[in-house]
Amino acid sequence: GESVGLHLPTLSVQEGDNSIINCAYSNSASDYFIWYKQESGKGPQFIIDIRSNMDKRQGQRVTVLLNKTVKHLSLQIAATQPGDSAVYFCAESYSGNTPLVFGKGTRLSVIA
Amino acid sequence: DARVTQTPRHKVTEMGQEVTMRCQPILGHNTVFWYRQTMMQGLELLAYFRNRAPLDDSGMPKDRFSAEMPDATLATLKIQPSEPRDSAVYFCASGGDRTTTNEKLFFGSGTQLSVL
């Protein structure tokens, strides 16, 4: 069945550096991908999404890259700040009408 | 500021008791999802609704879990009887009024359930 996994469960970065969080997906039919940020004691918050007809999308300090050839998704955070410390989830869906399937998450720790 | 509201935020109960969790989706959203989050399994889909109709509840243990939407402003998730293995954070999420469900979801703050 479909599955979404992460290469790295934890990531520590220095404040001001760029962060890259990776995600692999197994279903080549997936056509929608999304990143969420979850801070301690809170629900997941939407960061950015991308459809399969694109390979890059930028937001404020964040960029999502999609490589359909190798079924890989990444989230880049520029000039990482202490407030970026959280668990980051990728999720996918497909067939135009299925719920999001979430990966296990990557914990990002920002070192001041 | 539109948001998904979940109650209670925390619930501690004893094994065998009934637990009811409530969710008020964002006004105008027509899809509602229940997810369960544990350290071991991450975020798992339990059930979801569109226009108040249940579309899929295959993620729920049918013998003890039930999910309903009595009206467009309220979704409930019940566990009866509760078991210690049900201890988790339960999230409700709602999505927009598109024809598909694969749009971004907005999550509530969750109900942290502890079954002793």
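Quick caveat: nothing in here was measured; it's all calculated off a predicted structure.

Q: Hey, could you run me through the overall build of chain A in this one?
A: A tally of helices and strands in chain A yields zero helices and eleven strands. For chain A, the N- to C-terminal ordering of α and β elements is β-β-β-β-β-β-β-β-β-β-β. A compact globule built from 112 residues should have a C-alpha radius of gyration of about 13 Å, and chain A, at 13 Å, falls within 12% of that. The proportion of buried residues among the 112 residues of chain A is 45%. When contacts within chain A are restricted to residue pairs at least 6 apart in sequence, those whose partners lie at least 24 apart make up 54%. Surface accessibility of chain A: about 5,400 Å² in total, with carbon and sulfur atoms responsible for 47%.

Q: Whenever I open this one, the state of the cysteines confuses me. Can you help?
A: When the sulfur atoms of two cysteines share a covalent bond, that bond is a disulfide. Residues and elements named next belong to chain A. Following the criterion strictly, the structure yields two disulfides over all chains and no others. In this model, cysteine 23 is linked to cysteine 90 through a disulfide, with the two sulfur atoms separated by 1.9 Å. Here the disulfide of cysteine 23 and cysteine 90 is right-handed, its torsion about the S-S bond being about 55 degrees. One end of the pair, cysteine 23, is in strand β3 (residues 19–25); the other, cysteine 90, is in strand β9 (residues 86–94), and 67 residues separate them in sequence. With relative accessibility at 2%, the residue cysteine 23 sits in the buried group. Classification of cysteine 90 as buried rests on a relative accessible area of 0%.

Q: Explain unusual backbone geometry here, please?
A: Most peptide bonds adopt trans geometry, and most residues besides glycine take a negative phi value. That bond from threonine 7 of chain B to proline 8 of chain B is cis: its omega, -10 degrees, falls within 30 degrees of zero. Note on placement: proline 8 of chain B falls in the loop between β1 (5–7) and β2 (10–13). The omega angle of the peptide bond from glutamine 80 of chain B to proline 81 of chain B is -5 degrees, so this bond is cis rather than trans. Structurally, proline 81 of chain B can be placed in the loop between β8 (74–79) and β9 (88–95). The residue arginine 61 of chain A is not glycine, and still its phi comes out positive at about 65 degrees. The topology assignment puts arginine 61 of chain A in the loop between β6 (56–58) and β7 (62–67).

Q: Just to check I follow, could you spell out the interface of chain B and chain A for this structure?
A: Across the boundary between the two partners, chain B contributes 22 residues, which contact 21 residues of chain A. In this assembly, chain B packs against chain A so that about 1,600 Å² is buried in total across both faces, 49% of it on carbon and sulfur atoms. In this assembly, chain B and chain A are joined by zero salt bridges. One can count six residue pairs in polar contact (both at pLDDT 80 or more) joining chain B with chain A. Listed by contribution, the elements that provide at least two residues to the side of chain B that touches chain A are β4 (31–38) and β5 (42–50) of chain B.

Q: Teacher, can you tell me more about the environment of asparagine 53 of chain A here?
A: In this structure, asparagine 53 of chain A sits in the loop between β5 (45–51) and β6. Taking the relative accessible area as the measure of exposure, asparagine 53 of chain A reaches 65% and is therefore exposed.

Q: What should I look at first to understand the nonpolar core in this one?
A: For soluble globular proteins, nonpolar side chains are generally found buried alongside one another. Residues Met21, Trp34, Met60, Ala67, Leu77, Ile79 and Tyr90 of chain B are the most contacted members of the largest nonpolar core, which totals 22 residues. If you list the elements that add at least two residues to this core, you get β3 (19–24), β4, β5, β7 (65–71), β8, β9 and β11 (111–115) of chain B. Excluding residues within four positions of it along the chain, alanine 67 of chain B makes contact with Trp34, Ala47, Phe49, Met60, Thr76 and Leu77 of chain B. The next biggest cluster of nonpolar side chains, apart from the first, holds 20 residues, and it includes Leu11, Ile48, Cys90 and Val110 of chain A.

About the thresholds
- Residues numbered from 1 in each chain as written.
- Chains lettered and ligands numbered in written order.
- Predicted model: local features only at pLDDT ≥ 70, side-chain atom pairs only at ≥ 80, totals over all residues.
- Heavy atoms only, no water.
- Helix = DSSP H or I, 4+ residues; strand = E, 2+ residues; numbered from the N terminus.
- Rg over C-alpha atoms; globule rule 2.2 N^0.38 Å.
- Buried < 20%, exposed > 50% of the residue type's maximum accessible area, 1.4 Å probe, protein only.
- Contact = heavy atoms within 4.5 Å.
- Areas by Shrake-Rupley, 256 points an atom, 1.4 Å probe, with all protein chains shown as cover.
- Disulfide = S-S within 2.5 Å.
- Buried area = accessible area lost by both parts, 1.4 Å probe.
- Salt bridge = Lys/Arg side-chain N within 4 Å of Asp/Glu carboxyl O.
- Polar contact = N/O pair within 3.5 Å; in protein donor to acceptor, adjacent residues only side chain to side chain.
- Core = buried A, V, L, I, M, F, W, Y, C linked by side-chain atoms within 4.5 Å.

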